[in-house]
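Listed below, chain by chain, are the residues.
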Amino acid sequence: MSEFEMPPPPPSQVPPVPSKRIYEIDSDDKAWALIQEMASNTAQMDDAVLEFRNYPVVTLHFEGEKFHQSMPARTMKALIELQNDVCRMYALAVYEDSNHPLSDEEKARLEIVFKVEEGSTGITAYIGDALKAFGTEAGKRVNITGRHLVVISLVAAVGYAAPEIHGKLRDAEVEKVKIREQNETERAKIQAEVQKFEAIKAVALSTSKGREALSIVEDSTKKIAQSVTGAEKVTMNDGSEITEKVAKEIYPRKPRRKYDQVQLNGIYQIKTFALEGGGKITIQSAEGKTFYAEFDASNTELKDTLYKGHAGVLELTINARDSEGSYKDIVVIGAKPVQAVAEANTSKTL
């Protein structure tokens, strides 16, 4: 050891490595017990890690002629949307932005395994492995707190494992009024369900992104409930049932939103650039609005201009579809450096 090197501290002075509290979640009971603890502020979760074991699992058993040897397209679409919503929940947990574009590798880790019973009468979706990815990736990001990750993961777990809870308890205040009219057994059951609803709502609202997580799960629930058209009834995880009539009462269908073709041309800062999936970029307008857009990666001139302008400012020509300020299918079809645009305008005036 040279005279300039400090000797290592004695073992008693070496700072201990902070330990993580591990919560194993393998059932609804354990998930709800933890939610109740968090709702009553008796659980501090900043150093917590959730380990999901064979949970949650979404099971739907269909009864009806259309489901004897086939699966209606509407039901398949709801299951595909369930996969998309799990990806949105992951983006919310890891990047704190549900619209953040994911890499192909991330999407592969989040892939849900669907098991279809013989005769297409039952579907089981295993979501636990996807939730494990939440913690694996979020743990690598220093700005993600343990409580944020736990809240998002628990909202996803109980929401997907017991999708009927949102529909039944949407009008929790009405249920409270009805308690007086029920017998003692029913009253206790309703009170327990209302308490669950209020607990998960309190936990969700304890973080800045929890409300959005609850909204995403409810959106998935709505799509699943609306997909039961043609089934006499659908039996869920805990034995509760939804009929087509009840589904329509809980989740009445809204008129299809109409989108108009628009252009969002203007000066944008290029925030991120990627060639995965055909070309994706994140752009920010002068007003501070952020959009996730696609571009044709086979267009060499456009690709090179966007790449060279990465982290800089470009004038972009953008096609999109708009419905009352909500945009989708945003595609960049042209790009010019701002300096070139200014020079072109100057030459025109001369």
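The sections below set out a description of the structure shown in this document. Treat the numbers as computed from the prediction; the structure is a model and nothing was measured.

### Some thoughts on the overall build of the protein chain
(1) Moving on: Helix and strand content of the protein chain: 12 helices and 13 strands.
(2) Moving on: The buried share among the 350 residues of the protein chain stands at 39%.
(3) Moving on: A sequence separation of at least 24 residues applies to 67% of the contacts in the protein chain between residues at least 6 apart.
(4) Moving on: Just so you have it, the protein chain exposes about 20300 Å², and 50% of that area is on carbon and sulfur atoms.

### A look at helix H2 (residues 73-95)
(1) Moving on: The end-to-end C-alpha distance of H2, which contains 23 residues, comes to 32 Å, matching closely the 33 Å that a straight helix rising 1.5 Å per residue would cover.
(2) Moving on: Once H2 finishes, Glu 96 follows within two positions and takes phi at roughly 60°, a positive value.

### A few points about the pattern of salt bridges
(1) Moving on: Summed over the entire model, instances satisfying the criterion amount to 7 salt bridges.
(2) Moving on: Note that Glu 51 is salt-bridged to Arg 53, the shortest N-O span being 2.9 Å.
(3) Moving on: Arg 53 gets classed as partly exposed once you look at its relative accessible area, which sits at 42%.
(4) Moving on: Glu 105 is paired through a salt bridge with Arg 109; the nearest N and O atoms lie 3.2 Å apart. Residue Glu 105 and its partner Arg 109 are located together in helix H3 (residues 104-109), separated by 4 residues, close to a single helical turn.
(5) Moving on: The exposure class of Glu 105 is exposed, given its relative accessible area of 56%.
(6) Moving on: With relative accessibility at 31%, the residue Arg 109 sits in the partly exposed group.
(7) Moving on: Residues participating in the shared-partner salt-bridge network are Glu 24, Glu 51 and Arg 53.

### Considerations on the packing of aromatic side chains
(1) Moving on: As enumerated under the stated definition, the model contains 4 aromatic pairs in all.
(2) Moving on: On the numbers, 6.5 Å between centres and 70° between planes, the contact of Tyr 268 with Phe 291 is edge-to-face. Residue Tyr 268 is found in strand E9 (residues 266-274), and its partner Phe 291 is found in strand E11 (residues 290-295); the two are separated by 23 residues along the sequence. Each member of the pair, Tyr 268 as well as Phe 291, carries the same accessibility label: buried.
(3) Moving on: Here the aromatic rings of Phe 273 and Tyr 307 are separated by 5.4 Å at their centres, their planes lie at 65°, and the arrangement is edge-to-face. In this pair, Phe 273 is assigned in strand E9 and Tyr 307 in helix H11 (residues 300-308), connecting sequence segments 34 residues apart.
(4) Moving on: Taken together, the aromatic side chains of Tyr 268, Phe 291 and Tyr 327 make up a single cluster linked through ring pairs.
(5) Moving on: It is Lys 328 that lies over the ring of Tyr 259; its NZ or CZ is 4.9 Å from the centre.

### Side note on the nonpolar core
(1) Moving on: Met 89, Phe 134, Val 155 and Tyr 160 are the most contacted members of the largest nonpolar core, which has 54 residues in total.
(2) Moving on: Once residues within four sequence positions are removed from consideration, Phe 134 is found in contact with Val 86, Met 89, Tyr 90, Ala 93, Val 94, Leu 110, Leu 149, Ile 152 and Ser 153.
(3) Moving on: If you look at the next biggest cluster of nonpolar residues, it comprises 18 residues, including Leu 264, Ile 281, Ala 320 and Val 332.

### Observations concerning the environment of Gly 288
(1) Moving on: Mapped onto the elements, Gly 288 comes out in the loop between strand E10 (280-285) and E11.
(2) Moving on: Residue class for Gly 288 comes out partly exposed when judged on its relative accessible area of 41%.
(3) Moving on: Distance from Gly 288 to Tyr 268, taken between C-alpha atoms, is 9.3 Å for residues 20 residues apart in sequence.

### Some thoughts on the pairing of E11
(1) Moving on: A one-sided burial pattern is seen for E11, the buried positions being Phe 291, Ala 293 and Phe 295 and the unburied ones Thr 290, Tyr 292 and Glu 294.
(2) Moving on: Alignment of E10 against E11, held across 5 bridges, turns out to be antiparallel. When the bridges of E11 are listed, Lys 280 appears paired with Glu 294.
(3) Moving on: Here E10 folds back onto E11 in antiparallel fashion, the turn holding 4 residues, of which Gly 288 has a positive phi close to 90°.

### Points about the packing of H2 against helix H9 (residues 210-226)
(1) Moving on: Between H2 and H9, the shortest axis-to-axis distance is 9 Å and the interhelical angle comes to 170°. Classified by the interaxial angle, the pair formed by H2 and H9 is roughly antiparallel. When H2 is examined against H9, the residues Arg 74, Ala 78, Glu 81, Leu 82, Asp 85, Arg 88, Met 89 and Leu 92 are found in contact with a partner set consisting of Glu 212, Ala 213, Ile 216, Val 217, Asp 219, Ser 220, Lys 223, Ile 224 and Gln 226.
(2) Moving on: Broken down by class, the residue content of the contact of H2 with H9 amounts to 8 nonpolar, 2 polar and 7 charged.

### Observations concerning unusual backbone geometry
Glycine aside, negative phi is the norm for most residues, and most peptide bonds take the trans geometry.
(1) Moving on: With an omega dihedral of 0°, the bond running from Tyr 55 to Pro 56 counts as a cis peptide bond.
(2) Moving on: Mapped onto the fold, Pro 56 is located in the loop between strand E2 (48-52) and strand E3 (57-63).
(3) Moving on: Positive phi is not limited to glycine here, since Asn 54 has a value of about 55°.
(4) Moving on: Relative to the elements of secondary structure, Asn 54 occurs in the loop between E2 and E3.

Definitions and cut-offs
- Counting restarts for each chain: residues are numbered from 1 in the order of the written sequence.
- Per-residue local features of the predicted model are confined to residues with pLDDT of at least 70, and side-chain atom pairs are confined, for both listing and counting, to 80 or more; whole-chain, interface and lining totals are unaffected and use all residues.
- Side-chain metrics in this entry use all non-hydrogen atoms of the structure; hydrogen atoms and water are not considered.
- Each helix is a run of H or I in the DSSP string that is no shorter than four residues. Each strand is a run of E no shorter than two, and both are numbered from the N terminus.
- Relative accessibility under 20% of the residue-type maximum defines a buried residue, over 50% an exposed one, and the middle range a partly exposed one, all with a 1.4 Å probe and only protein chains included.
- We call two residues contacting when some pair of their heavy atoms lies within 4.5 Å.
- Only the protein chains shown count as cover for residues, and the accessible areas themselves come from Shrake-Rupley with a 1.4 Å probe.
- A helix is expected to span 1.5 Å multiplied by its residue count minus one.
- By convention in these notes, a salt bridge is any Lys or Arg side-chain nitrogen within 4 Å of a carboxyl oxygen on Asp or Glu.
- Pairing of aromatic rings covers Phe, Tyr and Trp, the last counted by its six-membered ring, and requires centre-to-centre distances within 6.5 Å; plane angles under 30 degrees mean stacked, over 60 mean edge-to-face, and any other angle means tilted.
- Over a ring means this: the NZ of a Lys or the CZ of an Arg is within 6 Å of the ring centre and within 35 degrees of the ring normal.
- Nonpolar cores were defined as sets of buried Ala, Val, Leu, Ile, Met, Phe, Trp, Tyr and Cys residues, with membership established by side-chain atoms within 4.5 Å.
- Strand pairing requires that DSSP identify at least two bridges connecting the strands.
- The angle between two axes is taken between their N-to-C directions and runs from 0 to 180 degrees, where each axis is a line fitted to C-alpha atoms and a helix contributes only its stretch in contact.
- Under this scheme an angle from 65 to 115 degrees is roughly perpendicular, one under 35 degrees roughly parallel, and one over 145 degrees roughly antiparallel; angles in between are oblique.
- Charged means Asp, Glu, Lys or Arg here, nonpolar means Ala, Val, Leu, Ile, Met, Phe, Trp, Tyr, Cys or Pro, and polar covers whatever is left, Gly included.

This is a description of form; function is not addressed.
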